[in-house]
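A look at the structure
Spelled out from the first residue to the last, the chains are:
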Amino acid sequence: MAVPKKATSPSRKGKRRAGQHHKLYRKHPISCPNCGDFTLPHSVCPSCGTFKGMEVIKIKVAEEEASSESEA
Ligand SMILES: [Zn+2]
C-alpha cells in the first residue's frame with residue numbers, strides 16, 4: 001500500500017482547502033454578446049436583460065437616464 005513520505009503540514013492543508021473553496025465560489029464574468037457589458041455565464045444580462053439573444057427582462061432605461069440627467 002502506498003504511504004505518503006511526509007506528513008501534510010497544516011499550512012499545506014489549509015492552502016489546498018482554500019483552493020477548493022475558491023473554485024466553488026469563484027465568479028467568472030464574460031462580456032455580453034448584445035451590449036458588451038460584464039455578466040455571469042448561463043444567466044440573464046443585468047444591463048440589457050437578454051439571454052441567448054432573446055430579451056427576457058425589460059429594463060427601464062428612460063427613468064434611469066432622466067434621474068442621472070437631473071443629478072448632473
Ligand atoms: Zn447585455
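The rules we used
- Residues numbered from 1 in each chain as written.
- Predicted model: local features only at pLDDT ≥ 70, side-chain atom pairs only at ≥ 80, totals over all residues.
- Helix = DSSP H or I, 4+ residues; strand = E, 2+ residues; numbered from the N terminus.
- Buried ≥ 20, exposed ≤ 12 C-beta atoms within 10 Å, placed from the backbone.
- Contact = placed C-beta atoms within 7 Å.
- pLDDT = per-residue confidence, 0-100.
- Expected span 1.5 Å × (residues − 1).

Moving on to the overall build of the chain. Across its full length, the chain carries two helices and four strands. Going residue by residue from the N terminus, the α and β elements of the chain occur as α-β-β-β-β-α. Evaluated residue by residue, the chain yields a buried proportion of 3% over its 72 residues. Within the chain, residue pairs in contact and separated by at least 24 positions form 0% of the contacts whose partners lie at least 6 positions apart.

In this structure, glycine 36 sits in the loop between β1 (30-31) and β2 (38-39). Taking C-alpha positions, glycine 36 is 9.5 Å from serine 47, a pair spaced eleven residues apart along the chain.

With 83% of its residues at a pLDDT of at least 70, the chain reaches an overall mean of 79. Helix α2 (residues 62-71) is the least confidently modelled element of the chain, averaging 57 in pLDDT, while β2 averages 88, the highest of any element.

Moving on to helix α1 (residues 10-25). With 16 residues, α1 ought to run about 22 Å at 1.5 Å a step, and its terminal C-alpha atoms sit 23 Å apart, in line with that. The buried fraction of α1 is low, at zero of 16 residues.

The next subject is the environment of isoleucine 30. Topologically, isoleucine 30 is positioned in strand β1. If sequence neighbours within four positions are ignored, isoleucine 30 has contacts with Thr39 and Pro41.

Backbone geometry places histidine 42, a non-glycine residue, at a positive phi of 60 degrees. Mapped onto the fold, histidine 42 is located in the loop between β2 and β3 (50-51). Overall, the presence of 8 C-beta atoms within 10 Å leaves histidine 42 in the exposed class.

The next point concerns the environment of asparagine 34. In this fold, asparagine 34 is placed in the loop between β1 and β2. Assessed through the 17 C-beta atoms surrounding it within 10 Å, asparagine 34 is described here as partly exposed. Once the C-alpha coordinates of asparagine 34 and glycine 49 are considered, the two residues, 15 residues apart in sequence, prove to be 9.5 Å apart. The residues touching asparagine 34, leaving out its near neighbours within four places in the chain, are Cys45, Cys48 and Thr50.

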